[in-house]
Amino acid sequence: MKKALSILLSASLLAGVMTSFAFAEEAETAADHSDQTIGIAMPTKSLERWNRDGEYLKEQFEEAGYSVQLKYSDNDIEQQNNDISNMIADGVDLLIIAAIDGESLTQTLADAKDAEIPVIAYDRLIMETDAISYYVSFDNYTVGVLQGQFVIDSLGLDIDNTEDSYNIEFTAGDPADNNAGYFFNGAYDTLEPFIEAGILNIPSGKTSFEQVATPAWSTDTALENFQNTLASYYSDGTVLDIALCSNDSTALGVAQAIQSDYAGDNTPIVTGQDGDIANLQNIVDGIQTMTVYKNVSDEAGVTLVLAEAILEGETPDEGLLEELDAEAAFDTESYDNGTGIIPSYLLVPWTVTVDNLEDLVETGLYEWDEDEKYLVSTAK
Ligand code: BGC
């Protein structure tokens, strides 16, 4: 008994020593950056993903030993400008910005450039400023392609078979967000041959981004717009087969409109993007059909590696890909912000449906709640 106890004690002592070694090592790395502050500007807490982005960025930068200032600007353009100005005045060493309005930060970022503060455009490209060093995002066009391809695959569309036809309506994102057009175009371009062949019809006639855009990506606006579409074009019994929504916040509103205002007895396909918890639950419940998943913890991780390289005075290029833990591409062609091409690191999105939803547990960001039969977030 005594012997067992002493073995146990020495084992735990050893574990303790090893842990303190590990801590010492971490602390050493951490100490290197303790005098450097990263300013992070996120658009809003009202859309789920930005809460996760903010949390993962803060956590990962702090773990790497940096100080962090994290600001949410309530989807208010003026507030975001002020928040960024304040961080510049505080002398942050690097800025990471997910813009509310891609076109409204030009003057503020000129101040960042004057102060020699490097700026990373996070997820959304910031337009009309030469103060941006890099852009980190997902392949935004591919997000839309995955949504369009999902429709083709699930209905088994065949361009040579014009006998069957289906009705589709689009819901797109915020015109102030540079990403929104990429998502819409990716989906529309993928489906266009089927629209032209008459295999996919759009009863509302709303075929352009402007006609289906949703300011601020608002769930309530998407709900209201879709209720209007259903009332105007589907109340006579016209069947709705597909509601192609650019992201989860709009899909939430559209799915709600379908539940309350759609008279048909089929279940239309509803697409989304992000993997917000409410939408993952809707996928389990059959109210939403798919989401294009973007692992924003990986997006934060890529941003950290990039920021570290910039702060060390490097000019990161394709070679940085080898240092990343996530799959990404280095792109120097796609994203021109009006002042020239912004070199971009683009992560890879993937399709999640009820069939592979539990794979998300492997990311470590979700757990399966056996009682509720839903995924829950492990985020704080
Ligand atoms: C992001 C999407 C998100 C949307 C609304 C976009 O810029 O890329 O992931 O759904 O904003 O928050």
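Anything mentioned here points back to the structure above.
Just so we're clear, the structure is a prediction, and the values are computed from it rather than from any experiment.

Engineer: So what about the overall build of the protein chain? Which residues, and what values?
Structural biologist: Broken down by element type, the protein chain carries 11 helices and 16 strands. The C-alpha radius of gyration of the protein chain comes to 23 Å, within 12% of the 21 Å expected for a compact globule of 380 residues. Dimensions of the protein chain along its principal axes, counting C-alpha atoms only, are 75 × 65 × 35 Å. Per-residue burial over the protein chain gives 50% buried out of 380 residues.

Engineer: Which residues make up the site of the ligand, and what values go with them?
Structural biologist: Around the ligand, the surrounding shell holds 13 residues, and the nearest of these are Asp123, Arg124, Asp177, Asn247 and Asp274. Contact distances for the ligand include 2.8 Å between an oxygen atom and a side-chain N or O atom of Arg49. At 2.5 Å, a side-chain N or O of Asp123 approaches an oxygen atom of the ligand. Here the ligand has 310 Å² of accessible area as a free molecule, and 99% of this is covered by the chains. A molecule is said to occupy a pocket when more than half its atoms come within 2 Å of that pocket's grid points, and by this definition the ligand occupies the largest cavity. Elements represented by at least two residues in the shell around the ligand include exactly helix 2 (48-63), helix 6 (178-196) and strand 10 (273-274). Residue composition of the shell around the ligand, grouped by class: four nonpolar, three polar and six charged. Mapping the shell around the ligand onto the domain boundaries places at least three of its residues in each of domain 1 (10-138 + 295-348) and domain 2 (140-273).

Engineer: How would you summarise the sheet that holds strand 7 (residues 200-201) if you had to cite specific residues and measurements?
Structural biologist: Read across the sheet, four strands follow the order 7-6-8-9 without closing on themselves; strand pairing throughout is parallel. If you trace the sheet from one side to the other, it starts and ends with strand 7 and strand 9 (269-270), each paired once. Across two bridges, strand 8 (residues 242-245) lies against strand 9 in parallel orientation. Looking at strand 9, one finds that Ile242 is bridged to Ile269. Along the sheet, helix 9 (residues 248-261) contacts strand 6 (166-171), strand 8 and strand 9; its crossing angle with strand 8, the most-contacted strand, is approximately 160 degrees.

Engineer: Describe the environment of Ile310, with residues and values.
Structural biologist: With respect to the helices, strands and loops of the structure, Ile310 is situated in helix 11 (residues 296-311). Between the alpha carbons of Ile310 and Thr162 there is a distance of 54 Å; along the sequence they are 148 residues apart. Contact partners of Ile310, with chain neighbours within four places excluded, come to Leu94, Pro118, Ile120, Tyr134 and Pro316.

Engineer: Mind laying out helix 6, listing which residues take part and the relevant values?
Structural biologist: With 19 residues, helix 6 extends 27 Å between its outermost C-alpha atoms, agreeing within 8% with the 27 Å of an ideal straight helix rising 1.5 Å per residue. Within helix 6, the axis deviates most sharply at Thr190, by approximately 40 degrees, and proline Pro193 lies no more than four positions further along. Among the residues of helix 6, Asn178, Asn179, Ala180, Phe183, Phe184, Gly186, Ala187, Tyr188, Thr190, Leu191, Phe194 and Ile195 are the ones counted as buried. At the N-terminal boundary of helix 6, the capping side chain belongs to Asp177, with an oxygen 2.8 Å from the backbone nitrogen of Asn179.

Engineer: If you had to explain the side chain of Gln288 to someone new, which residues and values would you point to?
Structural biologist: Mapped onto the elements of the fold, Gln288 is located in the loop between helix 10 (277-284) and strand 11 (290-293). A distance of 3.1 Å separates the side chain of Gln288 from the side chain of Asp248, its partner in a polar contact. Separated by 3.0 Å, the side chain of Gln288 and the backbone oxygen of Met290 make a polar contact. Residues contacting Gln288, with those up to four places away along its chain left out, are Asp248, Ala251, Val270, Thr271, Gly272, Asn279, Asn282 and Ile283.

Conventions used here
Residues numbered from 1 in each chain as written. Predicted model: local features only at pLDDT ≥ 70, side-chain atom pairs only at ≥ 80, totals over all residues. Heavy atoms only, no water. Helix = DSSP H or I, 4+ residues; strand = E, 2+ residues; numbered from the N terminus. Rg over C-alpha atoms; globule rule 2.2 N^0.38 Å. Buried < 20%, exposed > 50% of the residue type's maximum accessible area, 1.4 Å probe, protein only. Near = heavy atom within 4 Å. Polar contact = N/O pair within 3.5 Å; in protein donor to acceptor, adjacent residues only side chain to side chain. Areas by Shrake-Rupley, 256 points an atom, 1.4 Å probe, with all protein chains shown as cover. 1 Å grid on protein atoms, 1.4 Å probe; cavity = no way out; pocket = protein on both sides within 12 Å on 5 of 7 lines; lining within 4 Å. Sits in = over half its atoms within 2 Å of the grid points. Nonpolar A, V, L, I, M, F, W, Y, C, P; charged D, E, K, R; others polar. Domains from an automatic or database assignment. Pairing = 2+ DSSP bridges. Contact = heavy atoms within 4.5 Å. Axes fitted to C-alpha atoms, helices over the stretch in contact; angles between N-to-C directions. Expected span 1.5 Å × (residues − 1). Bend = angle between axes of the 7 residues up to and from the residue.

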